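So the chains spell out like this:
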Amino acid sequence: MQVAVVTFDGFNELDSFIASALINRCRKDGLEAFITTPTPVVTSMNGVEVTGQRPMEFVTEADVVLIGSGVKARDVVADDRLISRLPLDPSRQLIGAQCSGALVLARLGLLDGMPVCTDMKSRPFVEACDVTVLDAPFHAEGNIATAGGCLASQYLATWVMTRMLGEDAARDVIDYVAPVGENQETVERAVHAVHAGEVALR
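For clarity, every value in this text was computed on a predicted model and none was experimentally measured. (Residues numbered from 1 in each chain as written. Predicted model: local features only at pLDDT ≥ 70, side-chain atom pairs only at ≥ 80, totals over all residues. Heavy atoms only, no water.)

Asker: Would you mind going over the overall build of the protein in detail, with residue names and values included?
Answerer: Looking only at helices and strands, the protein features eight helices and nine strands. Relative to its length of 202 residues, the protein is compact, with a C-alpha radius of gyration of 15 Å against a globular reference of 17 Å. The C-alpha extent of the protein, read off along each of the three principal axes, is 45 × 35 × 35 Å. Burial status across the protein gives 50% buried among its 202 residues. Accessible surface, the protein: about 9300 Å² in total, of which carbon and sulfur atoms supply 51%. Of the charged side chains in the protein, 16 are positive and 27 negative, and the gap between their average positions amounts to 3 Å. (Helix = DSSP H or I, 4+ residues; strand = E, 2+ residues; numbered from the N terminus. Rg over C-alpha atoms; globule rule 2.2 N^0.38 Å. Buried < 20%, exposed > 50% of the residue type's maximum accessible area, 1.4 Å probe, protein only. Areas by Shrake-Rupley, 256 points an atom, 1.4 Å probe, with all protein chains shown as cover. Lys, Arg positive; Asp, Glu negative; His and termini not counted. Charge placed at Lys NZ, Arg CZ, Asp CG, Glu CD.)

Asker: Quick rundown of the packing of helix α1 (residues 13-23) against helix α6 (residues 153-165)? Include the residues and the values.
Answerer: Describing two packed helices takes the angle between their axes plus the distance from one axis to the other. For the pair α1 and α6, the least separation of the axes is 8 Å and the interaxial angle reads 35 degrees. For the crossing formed where α1 meets α6, the hand is right-handed. Where α1 abuts α6, its residues L14, D15, I18, A19, L22 and I23 lie against S153, Q154, A157, V160 and M161. Split into classes, the residues belonging to the contact of α1 with α6 amount to eight nonpolar, two polar and one charged. (Axes fitted to C-alpha atoms, helices over the stretch in contact; angles between N-to-C directions. Left-handed = near helix turned anticlockwise from the far one by under 90°. Contact = heavy atoms within 4.5 Å. Nonpolar A, V, L, I, M, F, W, Y, C, P; charged D, E, K, R; others polar.)

Here is the structure:
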């Protein structure tokens, strides 16, 4: 089971790395994430250069695709050639977006009236796409999910781990990375956020 964490130039380190690092704690169970980039090297919003682990074409074979955010998200959605390299299929893939990644889902036509979560800076641009933005950290409908706020990337990862391996696997990972002395509340917060985001649909 493979996860493509799509990471564009100008990316937010928290969004790509938190999700990737959490999911990769499930390698022993067969779930593995890869930083997936449109060019061999991308530079973060803070100047950190990262070599991609997989090329963009990897998204077609991945079981899960997470679209990271960044300061150049509007440039990404304006680039027809780049967008054409993301032939995603929610009928067979789990697809998630972090913060401004919601703009990419909108540009790909994957939302179909679904409300999304995003960060405060991206909100007006997402709403300009005629998409409703929720005041919530996580929302999922079927195989598509969005998360808003950098640290909500843990909720996106929790959703992926729960859907692919079950809630117990997700709980184990969040428990391991939780601040010492705050394990139970951290686990319950993550699991609750995912459940609440999915229940909102019903």
